[in-house]
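Structural description and commentary
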Amino acid sequence: ATSISFGLVPANVVEDELDWHNEFVGQYTLTDVRYSRYVGINNQHCMYWKSSKNFADGSLYHITDSICINAPIVGDLFSIPAGQFFGPAGGFTFGLKNVTFVGSPGGGAALAAGQHCMDGGAGGPCNVQYLLENVDFSGVSATGKLIQHGVNSKPEGKVWPVFLARDGSLGGFKSVLSQHLDGFKNEGCVQLGPEWDSGLGCNFAVRRLNVWTAAEIEGGVKLSGPGFAVAANNEFPSFGGNAGILSYAAGYNGYGALCRPGNVYELEGVWRDSPVIDVAFSDAALESIFGAEEVTLKTASGSCSVRSEAQRIIGRLGPVPTAPQSECGALLFNSQPNSETLSISNIALGRPTAASSSEQSIYDSEKAVDGSVDTRWSSSFQDNQWISVDLGVVYELFAVTVQWETAYARDYLVQSALDEPSWHTAATVTINEPGEVQTLFPEHFARYVRILCQTRATPWGCSILELQVFPAFAGLFHPVDGGTSRACRGSSRSDNSPSHYTVLQQNTLKGCKKECEMTPSCVGVEYSGGRCEIWTRLGGIESAVVLQGFTCLHFLRPTSSCLMLFEGVDGGEERACRGSTADDNSEEYFQVKEAQTLESCEAYCEAEAACVGISYSKCRCEIWVRPQGIQATTAQCGSVCKRMVRWGLGCPIQTLFLDEVQPLQHDEAKSSSFPRTDRTSLILVGVAVVLPLVLILGCFLKRMSWPSLPPRSVSRQDLVPERSASRQDLEA
């Protein structure tokens, strides 16, 4: 696992390595591994390192007791001076202790922070903390730079990395910031010379501050407080960062900035409950040398003092999306949880649409999901026209609302699909007048929704002002290893620590799911006979055991990125993956790679879009790409079989395993639909029509918690003149 709480304990150590005349030394990605007594002589790069993280064992230093020498002789393999140390970036602390740099770093610097920061598979955001202890630059040539903010990175790499020291490693300064954060001059920081990358030397601590969220905040995020009280410099590379205007690190789940411990800062943004927003300040391991530190943050929702010891699970590419929200995150960014609004958001709003036809370009299909009743989709003047919406990810749906214009369909179908070509009828609807019609149906999994207008009620086409789709839950409950007859476990089948969950009493599985949905830190549920476990384990649910009468489910919260989870198949441990049966092991199902660790094997799978899971044993890593997934295992000592679950708007391919919960077949089903009236009438009509159907009744009663939708802003009379030209064309 890639996090501050999980990983290899203790970390591996590469000892006494000598590299001489090599082009690239190091690796793109390396976690929970440190170098000790490393010697690099006349290499193209003394070290080339893009991505890492904090150590799971709490250590601070990635490089110790080492030396980088660059004194090439003319005619050598690398006669042009190079030898720079290109270090990683991300939301963590990169430590160097007892390290010496000698010679000329060429056109770069002896130590450069943030190689390829926010660029592809490198680290991000760029506000990495470089901790230097007894780092000796005295042997660097007089014309060479000692440090550099950003190297081959996005613009943020030149602005946000910070170098820290408690000794003389930084010329006596406690922090050295980028020259582009000019507001810190007002705090007493001084401009340094080119050997320090013309940065700002500060005699006080400066630490990283991150706002973590899986989707960009609409309208952006602004940080106000000490160091940012200056006019915005909107030129490259600052782009307003000097005034606290933060940029979103797409693919790294957050925003990065710097702050002074012990001070008060304000965060401005349009906060939301989902996807989760959280905050992190510095790193817990730093408390061992700098003592306890904190910063006070304020938002429109509240204020909270954030300590470096309180962290989400932070991996090499930012926070793990399933990591529970911190207490400060909930205080700063959440509105109060409301059981009446959590599960009834219109998930069709702004989503991609398609249609069989459009009367004119101004009446195209996207107008039906733009949130306005002043626009509409209108089809050609024929029966059997349709409009569909792609929700982006699979949800458990239970209701659709159609707001019909004057030209409405007397008979239409509400259809849904996991895959667009495979439509299933959720409800058959007949109405006698236009207006707003709500249709409830048994809950089922779907990604696509379609309205098929079978019979028109007017000579014109089918015209919809707004199409709304409602899920049963604000996220997806995905079965763990099949879900049914499974009890949840942590990192292994034997890991059932009571600290992983909270036990509640709920009469139904649905009630248990609702409790999870309203708990910001919930990552899944286990349910059995009224006993509801709300799982909040930092690493999520990674395994399960067979236990009759139990159900185990992940809870996947909406994200604009791609949420990737590994779960053990048949428990995972001592199991080797197979296809449809325990004997089905065709070589076509997987690619074989060499991987030193299980984590490395998982990383290969994450990088392969078609990967559905891994089988790992003694450095042999099988990347399974079988389209039907891993459906069986066989006992094999020392092997691990894990299934990959992908879900989120950012996934090029989503891999879900819902075989045990097939989408319901509704081709013969009918659902009650009715023009929107007051809530009391709604309930009476629903009870009268739906009472014989117990399952639909359960869904319908939930309708009582729906909020009122905005009233129609146009009348039927207003719409008639708008259509007069089309009617004349028809009559002609």
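The structure displayed is predicted, hence computed values, not measured ones.

**A word on the overall build of the protein**
Secondary structure summary: the protein contains eight helices and 45 strands in total. Looking at the protein residue by residue over its 732 residues, the buried ones come to 57%. For the protein, the share of sequence-separated contacts (at least 6 apart) that also reach a separation of at least 24 residues comes to 73%. Summed over its atoms, the accessible surface of the protein is roughly 28500 Å², and 51% of this surface lies on carbon and sulfur atoms.

**As for the state of the cysteines**
Here a disulfide denotes a covalent bond joining the sulfur atom of one cysteine to the sulfur atom of another. The tally for this structure, following the rule as stated, stands at 11 disulfides. Paired by a disulfide, C117 and C126 hold their sulfur atoms 1.9 Å apart. One disulfide, between C117 and C126, carries an S-S torsion of -115 degrees and so falls in the left-handed class. Like C117, the residue C126 is buried in the burial classification. Note on cysteine connectivity: C516 is disulfide-linked to C522, with sulfurs 2.0 Å apart. Here the S-S torsion is close to -100 degrees, and the disulfide linking C516 with C522 is therefore left-handed. With respect to class, C516 is no different from C522; both count as buried.

**So, the confidence of the model for the protein**
Residues with a pLDDT of 70 or more make up 84% of the protein, whose mean pLDDT is 83. Below a pLDDT of 50 lies the segment residues 1-5, which in the model reaches 23 contacts outside its immediate sequence neighbourhood of four places, other chains included. For the stretch residues 659-732, pLDDT sits under 50, and the model shows 130 contacts to residues farther than four places along the chain or on other chains.

**Focus: the environment of A427**
Along the chain, A427 falls in strand β32 (residues 424-430). Placed 14 residues apart in sequence, A427 and L413 show a C-alpha to C-alpha distance of 5.9 Å.

**Some thoughts on helix α3 (residues 509-517)**
Every buried residue of α3 is listed here: G511, C512, K513, K514, C516 and E517. Check the buried side of α3 and you find it contacts β30 (385-404), β35 (476-489), β37 (524-528), β38 (531-535) and β39 (543-556).

**Let's talk about the sheet that holds β35**
Pairing in this open sheet of five strands is antiparallel, and the strands run β35-β39-β37-β38-β36 from one edge to the other. Both outer strands of the open sheet, β35 and β36 (501-505), are each paired with one neighbouring strand and no more. When the angles between neighbouring strand axes are averaged without regard to direction, this sheet yields 25 degrees. In this sheet, β38 lies alongside β37 in antiparallel orientation, the contact comprising five bridges. Paired with V525 across the strands is I534, a residue of β38. Strands β35, β36, β37, β38 and β39 of the sheet are contacted by α3, whose axis makes an angle of about 155 degrees with β37.

**Structural notes on the pattern of salt bridges**
Considering all chains together, one arrives at 27 salt bridges under this definition. Between R37 and E15 there is a salt bridge whose closest N-O contact spans 3.6 Å. On the criterion of sequence distance, the pair formed by R37 in the loop between β4 (33-36) and β5 (39-41) and E15 in strand β1 (residues 12-15) is long-range, its members being 22 residues apart. R37 sits in the partly exposed class, given a relative accessible area of 36%. Taking relative accessible area as the criterion, E15 reaches 48% and is therefore assigned partly exposed. R307 is paired through a salt bridge with E287; the nearest N and O atoms lie 3.3 Å apart. Of this pair, R307 sits in strand β25 (residues 302-307) while E287 is found in helix α1 (residues 287-290), placing the two residues 20 residues apart along the sequence. Because the salt bridges share partners, they merge into one network encompassing D481, R486, E567 and R643.

**Regarding helix α4 (residues 598-607)**
Residue pairs spaced three or four apart in an α-helix point in one direction, given the helix's 3.6 residues per turn. Restricting attention to buried positions, one finds in α4 the residues C601, E602 and C605. What you see down the axis of α4 is that its buried residues fit within an arc of 100 degrees, all on one side.

**Notes on the sheet that holds strand β42 (residues 613-617)**
Taken in spatial order, the five strands make up an open sheet running β40-β44-β42-β43-β41, and their pairing is antiparallel. Strand pairing shows two members of the sheet lacking a second neighbour, β40 (563-578) and β41 (590-594), which therefore form its edges. Sheet twist, expressed as the average angle between the axes of neighbouring strands with direction ignored, equals 20 degrees. Bridge count between β41 and strand β43 (residues 620-624): five bridges; the pairing is antiparallel. Note on β43: the bridge partner recorded for V592 is E622.

**Focus: the nonpolar core**
Ranked by internal contacts, the top residues of the largest apolar core, which has 82 residues, are L96, F101 and F137. Counting residues in hydrophobic clusters, the runner-up holds 51 residues, among them L391, L397, A409 and F657.

**Considering the environment of A603**
Among the secondary structure elements, A603 is positioned in helix α4. On the basis of relative accessibility, which here comes to 30%, the residue A603 falls in the partly exposed class. Spatially, the C-alpha atoms of A603 and T29 are 9.9 Å apart, while their sequence positions differ by 574 residues.

**What about the pairing of strand β33 (residues 435-456)?**
With 18 of 22 residues buried, β33 lies mostly within the body of the structure. Pairing of strand β31 (residues 409-417) with β33, which is carried by eight bridges, proceeds in the antiparallel orientation. Along β33, the bridge assignment pairs Q415 with R450.

**Some points on the pairing of strand β13 (residues 162-165)**
Burial along β13 is two-sided: V162 and L164 facing one way and F163 and A165 facing the other are all buried. Where strand β11 (residues 129-140) and β13 come together, four bridges link them in parallel fashion. Counted as the bridge partner of Y130 is F163 from β13. Pairing of β13 with strand β14 (residues 175-177) involves two bridges; the strand directions are antiparallel. Paired with L164 across the bridge in β14 is S175.

**Quick word on the packing of aromatic side chains**
As enumerated under the stated definition, the model contains 25 aromatic pairs in all. Their ring planes at 55 degrees and their centres at 6.2 Å tell us that F85 and F94 sit as a pair that is tilted. In this structure F94 comes out as buried when scored by relative accessible area, which is 0%. Each ring, one from W160 and one from F228, has its centre 6.3 Å from the other, and the planes form 40 degrees; the classification is tilted. On the criterion of sequence distance, the pair formed by W160 in the loop between β12 (145-151) and β13 and F228 in the loop between β18 (221-224) and β19 (245-246) is long-range, its members being 68 residues apart. As far as burial versus exposure is concerned, W160 and F228 are alike and both buried. Through pairs of rings, three or more aromatic residues link up here, namely Y35, Y38, W49, F85, F92, F94, F101, Y130, F137, F163 and W196.

**Details of the side chain of T64**
Looking at the secondary structure, you find T64 in strand β7 (residues 63-70). Ignoring any residue separated from it by four or fewer positions in sequence, one finds T64 in contact with Y35, S36, R37, Y38, K97 and N98.

**Remarks on unusual backbone geometry**
The linkage connecting G124 with the following residue, P125, adopts the cis geometry, with an omega of -10 degrees. One can find P125 in the loop between β10 (109-115) and β11. The residue after F236, namely P237, is reached through a cis peptide bond having omega -5 degrees. Tracing the backbone through its elements, the reader meets P237 in the loop between β18 and β19. Phi is positive for N42, which is not a glycine, with a value near 50 degrees. With respect to the secondary-structure elements, N42 resides in the loop between β5 and β6 (45-51). Here the phi dihedral of N253 falls at roughly 65 degrees; this positive angle occurs in a residue that is not glycine. Within the secondary structure, N253 sits in the loop between β20 (248-249) and β21 (254-259). N253 sits in the buried class, given a relative accessible area of 8%.

Rules used throughout
- Residues numbered from 1 in each chain as written.
- Predicted model: local features only at pLDDT ≥ 70, side-chain atom pairs only at ≥ 80, totals over all residues.
- Heavy atoms only, no water.
- Helix = DSSP H or I, 4+ residues; strand = E, 2+ residues; numbered from the N terminus.
- Buried < 20%, exposed > 50% of the residue type's maximum accessible area, 1.4 Å probe, protein only.
- Contact = heavy atoms within 4.5 Å.
- Areas by Shrake-Rupley, 256 points an atom, 1.4 Å probe, with all protein chains shown as cover.
- Disulfide = S-S within 2.5 Å.
- pLDDT = per-residue confidence, 0-100.
- Pairing = 2+ DSSP bridges.
- Axes fitted to C-alpha atoms, helices over the stretch in contact; angles between N-to-C directions.
- Salt bridge = Lys/Arg side-chain N within 4 Å of Asp/Glu carboxyl O.
- Arc of directions from axis to C-beta.
- Core = buried A, V, L, I, M, F, W, Y, C linked by side-chain atoms within 4.5 Å.
- Phe/Tyr/Trp six-rings, centres within 6.5 Å; stacked < 30°, edge-to-face > 60°.

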